Structures are given as C-alpha cells and as structure tokens.
Amino acid sequence: MSYGLEIFSASGVRTLSVTARLTRLIYTRFLPAAETSSASVSGFDAATCVAMVVPRLPSLTASSSRVGHNITISGTTISWTPGSASFRADSDLLVFAYQ
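Residues numbered from 1 in each chain as written. Predicted model: local features only at pLDDT ≥ 70, side-chain atom pairs only at ≥ 80, totals over all residues. Heavy atoms only, no water.

Colleague: Please provide a residue-by-residue account of the pattern of salt bridges, values included.
Modeller: Here the structure, examined in full by the defined rule, presents three salt bridges. With a closest N to O distance of 2.9 Å, glutamate 6 and arginine 14 form a salt bridge. By relative accessible area, glutamate 6 is classed as partly exposed at 30%. Of the charged contacts in the structure, one is a salt bridge between glutamate 35 and arginine 29, with a shortest N-O distance of 3.7 Å. (Salt bridge = Lys/Arg side-chain N within 4 Å of Asp/Glu carboxyl O. Buried < 20%, exposed > 50% of the residue type's maximum accessible area, 1.4 Å probe, protein only.)

Structure (structure tokens):
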C-alpha cells in the first residue's frame with residue numbers, strides 16, 4: 001500500500017485497510033457576528049459534501065449565551081445570516097467533502 005491506513009491485530013492479521021479519502025476540508029471562512037453574505041464553493045455537491053457553522057463562543061454563563069449563523073445551500077452557493085439579533089456570535093463556516 002503506497003498510502004492509507006492499515007490496522008493489524010496482535011497476531012499480525014490485517015483487520016482494516018483504507019485507501020480512500022474519507023473526508024477532507026474543501027472550504028473554510030470566518031463569519032463576523034453580524035455578517036450576511038454568500039460564497040460559491042466549487043465542487044460542492046449535496047450528495048457528497050456537508051457544510052456547517054461552528055460558533056466561536058465566549059465563556060458561557062446563563063447571561064452570556066450566543067448563537068452562530070444560519071446557513072442555506074442552493075447548488076454550489078452557501079449563504080449565511082446571523083443568529084438572534086441580541087445573542088450573535090462570530091462563526092467559522094466549514095465545508096467537507098466525503099466519499
């Protein structure tokens with residue numbers, strides 16, 4: 001095997017052999033708390049890709065909860081809008097492709 005992952009048992013028997021790319025990060029972007037915008041992600045296919053927003057949260061207390069952005073997807077375009085007006089947080093948009 002020229003690349004990949006192989007796992008062997010204690011007796012030397014191969015129990016797993018993976019040569020395909022399972023997931024890869026194909027796009028990332030910082031989203032300021034109040035930003036509404038969109039981006040075209042070449043190669044994005046809803047059948048083999050996933051997009052998610054991860055809020056950058058401050059230390060949370062009962063009085064400092066925050067929410068990240070909401071995203072929508074149309075073809076290869078990913079659009080985002082801020083969360084609740086009084087509880088917005090900066091976010092990171094992550095797009096992964098998988099096989």
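Colleague: Give me the nonpolar core: which residues, what numbers.
Modeller: If you look at the biggest cluster of nonpolar residues, it comprises eleven residues: Leu31, Ala39, Val41, Phe44, Cys49, Ala51, Ile78, Trp80, Leu93, Val95 and Ala97. Secondary structure elements with two or more residues in this core: strand E5 (49-55), strand E7 (77-81) and strand E8 (91-98). A per-element tally of this core places E8 first, with three residues. (Core = buried A, V, L, I, M, F, W, Y, C linked by side-chain atoms within 4.5 Å. Helix = DSSP H or I, 4+ residues; strand = E, 2+ residues; numbered from the N terminus.)

Colleague: Describe the sheet that holds strand E3 (residues 23-31), with residues and values.
Modeller: Spatially, three strands are ordered E3-E8-E5 in an open sheet, and the strand pairing comes out antiparallel. The sheet is open, and its two borders are formed by E3 and E5, each paired with just one other strand. The average undirected angle you get between the axes of adjacent strands in this sheet is 20°. Of the pairings in the sheet, the one linking E5 to E8 comprises seven bridges and is antiparallel in character. Within E8, the residue paired with alanine 51 across the bridge is valine 95. (Pairing = 2+ DSSP bridges. Axes fitted to C-alpha atoms, helices over the stretch in contact; angles between N-to-C directions.)

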